[in-house]
Amino acid sequence: MQKNLAKNSVFNILYKGCNVVYPMLVSAYISRIFKASGVGQISLAINIITYFTIAASLGLPNYAVKVLAGARDVKEQLNRRFSELAIIVACSSLGVSVLYYVSMLFYYGAGTDGYRIAMTLGLMLISNIFNYDWLYEAVESFEFLAIRTVAIKLTALVAMFLLVKSKDDLLIYCLIYSLVTVANNLANGLHAHKYVHFTKKDLHFAHHMKPVMVLFAAAFATELYTLLDSTMLGIMCPSEYLGYYSNASRVARAAYGVIFAATAVYNPRLGYIYTTGNREDYKTCFQQYYNQAMFLAVPAAAGLFLRLCEIAPVFYVLGNHEYKMYLNPETRNFYLNYEKLLTSAGICFLHNEHMAVELQGSDFVFHGLELPIEYYHKPNSPALSLTT
């Protein structure tokens, strides 16, 4: 079942890239129709249901890719593990769906526009029962994911251009938005028989719960950090504020989405190699993954920074990735050229320095702290201490 990583990368870029480009095309269109206020109203509703979707999925997607990738050469074991995980996600999705609908009833009130939007978007949560993207990633069926995603989202775009033409079509847009996810998940369920068959024999669930819940906590914390600003903005400010903010944030997420698409194909391969016990192949594959990620991430970051410094002062402090690039003899010159490029554009690097500036009549002091490399050796990093 070994597949070519380059081919997988192309299909995964198409798959993930479609998930990046589609929202940007949709955003450009609906911004003209619904204006900032309508976009903000929709963004808040989508943010809220995203929290519930994370809860419904638990930490299962990343865990399932590893577990199924390690069993893909043993059909009986693959069927059993898939069945166990599918039942877990089905139960959690149904339970969270009930909680979501009840919560939205109390939050918005029956009959309100917000309630109708929330109810329509809730279809995505119910269909999460069949969200088996993790199965196709584990067996490296990126071709199916790409073709499915492109076909459904092209259909959705056509439907949107035909049916969403005024502010009164807000609910129709939400229905189309939901049906994209519903169609993706139903296609997952219908196509799964090509790789697995559901079984009731010798199923055990308990040993999955601890890793699933640990990964759920990590995923929820990450998404909370990512979405909380938009959620708070939508609750505390007029909806048009969130409309402007959400459209701008999609640009940065687009760059991240392309990088993730190009490198995500390594996850199932690394999981599979790890189960074989071949440490040298694992190290080689991981190095390929890291090199490809950095090859894409550094130019993408530089491009965003170069655009940013045209509209605002930018101060840069090294994080662990840049610091490691600087310390590594193999990547030091690459990093120094990166810093030189950004510095020439007006970006100020703070290497254990500080700078006082005045911005719009207010005084600010920016500090840059670079930690020694031993403080990045998680989880065995020494405790930080204040020194004079």
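Everything below is about the structure shown above.
What you see is a predicted model, and the numbers here were worked out from it, not measured in a lab.

Trainee: I would appreciate a short explanation of unusual backbone geometry in the present structure.
Mentor: Excluding glycine, a negative phi dihedral is what most residues carry, and trans is how most peptide bonds are arranged. Unusually for a residue other than glycine, Glu140 sits at a positive phi of about 60°. With respect to the helices and strands, Glu140 occurs in the loop between helix H5 (133-138) and helix H6 (142-163). Of the residues examined, Glu140 reaches a relative accessible area of 1% and is grouped as buried. Of note, Gln360 is a non-glycine position whose phi angle comes to about 50°, a positive value. A relative accessible area of 86% means that Gln360 is categorised as exposed.

Trainee: How should I be thinking about the layout of surface pockets in this particular structure?
Mentor: Picture a little ball the size of a water molecule; that probe, rolled over the atoms, points out where space is still empty. Within this model, the second largest pocket holds a volume of roughly 1,000 Å³. Lining the second largest pocket we find 26 residues, and of these Tyr256, Ile259, Met294, Ala297 and His321 sit closest to its centre. Listing elements by their share of the lining of the second largest pocket, those giving two or more residues are helix H9 (239-263), helix H11 (279-308), helix H12 (320-327) and helix H13 (332-344). In terms of residue count, H11 provides more of the lining of the second largest pocket than any other element does, eleven residues in total. By residue class, the composition of the lining of the second largest pocket is 21 nonpolar, three polar and two charged.

Trainee: Please explain the pattern of salt bridges as it appears in this structure.
Mentor: Oppositely charged side chains can pair when the atoms bearing their charge come close. According to the stated counting rule, one finds three salt bridges in the structure shown. Measuring nitrogen to oxygen at the nearest pair gives 2.5 Å for the salt bridge that ties Arg116 to Asp113. Here Arg116 pairs with Asp113, and both are found in helix H4 (residues 113-127), just three residues apart, close to one helical turn. Assessed through its relative accessible area of 37%, Arg116 is described here as partly exposed. The shortest N-O distance in the salt bridge between Glu310 and Arg307 comes to 3.3 Å. Arg307 carries the same exposure label as Glu310, and that label is exposed.

Trainee: Just checking my understanding: could you explain empty space enclosed by the protein for this structure?
Mentor: This structure, assessed with the given rule, holds one cavity of 30 Å³ or more. In terms of lining residues, the largest cavity is bounded by Ser57, Leu60, Pro61, Val89, Asn128, Asn131 and Trp134.

Trainee: What is the right way to read a nonpolar patch on the surface from this model?
Mentor: Taken together, the side chains of Tyr107, Phe220, Leu224, Leu228, Met232, Ile235 and Met236 define a hydrophobic patch exposed on the protein surface, amounting to about 660 Å² of accessible area. Top contributing element to the nonpolar patch by residue count: helix H8 (residues 206-236), with six residues. Residue placement: Leu228 occurs in helix H8.

Analysis parameters
Residues numbered from 1 in each chain as written. Predicted model: local features only at pLDDT ≥ 70, side-chain atom pairs only at ≥ 80, totals over all residues. Heavy atoms only, no water. Helix = DSSP H or I, 4+ residues; strand = E, 2+ residues; numbered from the N terminus. Buried < 20%, exposed > 50% of the residue type's maximum accessible area, 1.4 Å probe, protein only. 1 Å grid on protein atoms, 1.4 Å probe; cavity = no way out; pocket = protein on both sides within 12 Å on 5 of 7 lines; lining within 4 Å. Points joined across faces, edges and corners; volume = space filled by probe spheres on them. Nonpolar A, V, L, I, M, F, W, Y, C, P; charged D, E, K, R; others polar. Salt bridge = Lys/Arg side-chain N within 4 Å of Asp/Glu carboxyl O. Patch = residues over 30% accessible without salt bridge, like charges linked within 9 Å, V, L, I, M, F, W, Y side chains within 5 Å. Areas by Shrake-Rupley, 256 points an atom, 1.4 Å probe, with all protein chains shown as cover.

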